Amino acid sequence: MIRFFVAIAVLTAALPAAARDLTVMSLNIRLPADGDGANRWELRRDLTAGTVGRANPDVIGTQELFKRQGDDLVARLPRYRWIGVGRSGTGKADDEHMGIFYRADRLTVERWGNFWLSDTPEVPGSISWGHPYPRMVTWAIFRERDGKRFAMFNTHLPYRAEDEAAREKGVALLASRIPGIASDLPVVVTGDFNTVPDSATHRRLAQELTDAWTATRQRSGPEATFHGFTGKPDRRIDWIFTRGFTPLSVTTIDRRKGNVFPSDHYPVVATLRH
């Protein structure tokens with residue numbers, strides 16, 4: 001009998017770890033603005049943290065994140081860490097970050113970095129193509145506990161209607177950088193792309209990557225994501241794109257507490273298998 005249990009223990013130890021799906025969130029968290037009234041950061045940060053905690057993502061790509069918001073979230077969600085720099089490249093805390101959050105008990109950051117969406121991507125804070133603010137990508141290579149690795153890229157594109165050409169150039173630059181950073185690893189891209197799926201920007205990104213929302217039949221929540229603290233979203237501008245993953249499901253989280261929302265965008269959560 002003892003030999004039997006020893007044999008079972010040896011066989012069990014030899015089995016590979018069970019595959020675990022990856023949960024990814026994209027969230028434009030909305031910068032702290034006193035003009036947001038009932039939805040200013042101090043009044044919604046607990047709801048935002050609670051929304052993230054309930055979704056329990058492995059990684060989160062955020063946009064418009066200020067350092068104090070990132071610090072507030074990890075104080076409330078201590079299993080998470082985050083990486084990122086301010087988009088101006090000055091090192092100021094009161095600056096927007098493309099912060100990537102990750103579950104430190106599940107993932108290890110092997111390396112990470114940034115580049116700017118401009119004609120000089122290595123120059124922090126650089127601007128090209130006629131839009132008013134610096135736009136950038138923060139990326140990371142992660143290792144999971146079972147040894148699997150993947151690459152993540154997070155961005156926020158220009159917002160004006162006249163910036164469509166700049167948005168298309170931005171995703172073309174992003175796509176061109178993925179092979180050199182990620183090699184043949186599975187890839188996930190999160191972002192606020194500030195345009196709709198029926199756009200040149202979406203078509204350009206879809207040349208190399210797959211839109212998780214359209215790639216799965218398991219969709220829940222509203223399709224549109226930007227609602228401006230109204231609860232009435234009008235455009236799907238927050239996307240999760242993948243390569244080397246199979247999207248199993250995508251959910252748009254339309255949670256609120258009275259007139260308070262986690263953000264002026266609904267978070268998007270994708271479950272991916274690789």
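The structure displayed is predicted, hence computed values, not measured ones.

## Some words on the confidence of the model for the protein
Chain-level pLDDT for the protein is 93 on average; 93% of the residues reach the 70-or-more range. Note that residues 4-18 has pLDDT below 50 and, in this model, 1 contact with residues that lie over four places away or in other chains.

## Describing the pattern of salt bridges
A pair can form between side chains of opposite charge whenever their charged atoms are brought close. Tallied over the full model, the rule gives 20 salt bridges. Asp36 is paired through a salt bridge with Arg30; the nearest N and O atoms lie 2.9 Å apart. For Asp36, a relative accessible area of 15% puts it in the buried group. Note on Arg30: relative accessible area 21%, which makes it partly exposed.

## Some words on the sheet that holds strand 12 (residues 246-252)
The strand order 3-4-2-1-13-12-10 describes an open sheet built from 7 strands, whose pairing is mixed. Edge positions in the sheet fall to strand 3 (80-83) and strand 10 (219-220), since each has one partner strand and no second. Where helix 3 (residues 67-76) meets the sheet, its contacts fall on strand 3 and strand 4 (100-103), and the angle it forms with strand 3 comes to roughly 165°.

## Details of the sheet that holds strand 8 (residues 187-192)
What the 6 strands build is an open sheet, ordered 5-6-7-8-11-9; its pairing is mixed. Of all the strands in the sheet, just strand 5 (107-116) and strand 9 (210-211) have a single pairing partner and so form its edges. Looking at chain direction, strand 8 and strand 11 (residues 238-243) are connected through 6 bridges and run antiparallel. Residue pairing for strand 11: Thr190 is matched across the bridge by Ile240. Seen against the sheet, helix 4 (residues 164-182) touches strand 5, strand 6 (136-144), strand 7 (149-156), strand 8 and strand 11 and runs at an angle of roughly 140° to strand 5.

## Observations regarding empty space enclosed by the protein
What the rule picks out here adds up to 1 cavity of 30 Å³ or more. Considered as a void within the structure, the largest cavity measures approximately 50 Å³ in volume. Around the largest cavity, the lining residues are Asp211, Ala212, Trp213, Thr225, Arg236, Asp238, Trp239, Ile240, Val250, Thr252 and Val268. The set of elements that each furnish at least two residues to the lining of the largest cavity consists of helix 6 (212-215), strand 11 and strand 12. Looking at the lining of the largest cavity, the element that brings in the most residues is strand 11, giving 3 residues. Grouping the amino acids of the lining of the largest cavity by side-chain chemistry returns 6 nonpolar, 2 polar and 3 charged.

Here is what the cut-offs are and how they apply
Residues numbered from 1 in each chain as written. Predicted model: local features only at pLDDT ≥ 70, side-chain atom pairs only at ≥ 80, totals over all residues. Heavy atoms only, no water. pLDDT = per-residue confidence, 0-100. Contact = heavy atoms within 4.5 Å. Salt bridge = Lys/Arg side-chain N within 4 Å of Asp/Glu carboxyl O. Buried < 20%, exposed > 50% of the residue type's maximum accessible area, 1.4 Å probe, protein only. Pairing = 2+ DSSP bridges. Helix = DSSP H or I, 4+ residues; strand = E, 2+ residues; numbered from the N terminus. Axes fitted to C-alpha atoms, helices over the stretch in contact; angles between N-to-C directions. 1 Å grid on protein atoms, 1.4 Å probe; cavity = no way out; pocket = protein on both sides within 12 Å on 5 of 7 lines; lining within 4 Å. Points joined across faces, edges and corners; volume = space filled by probe spheres on them. Nonpolar A, V, L, I, M, F, W, Y, C, P; charged D, E, K, R; others polar.

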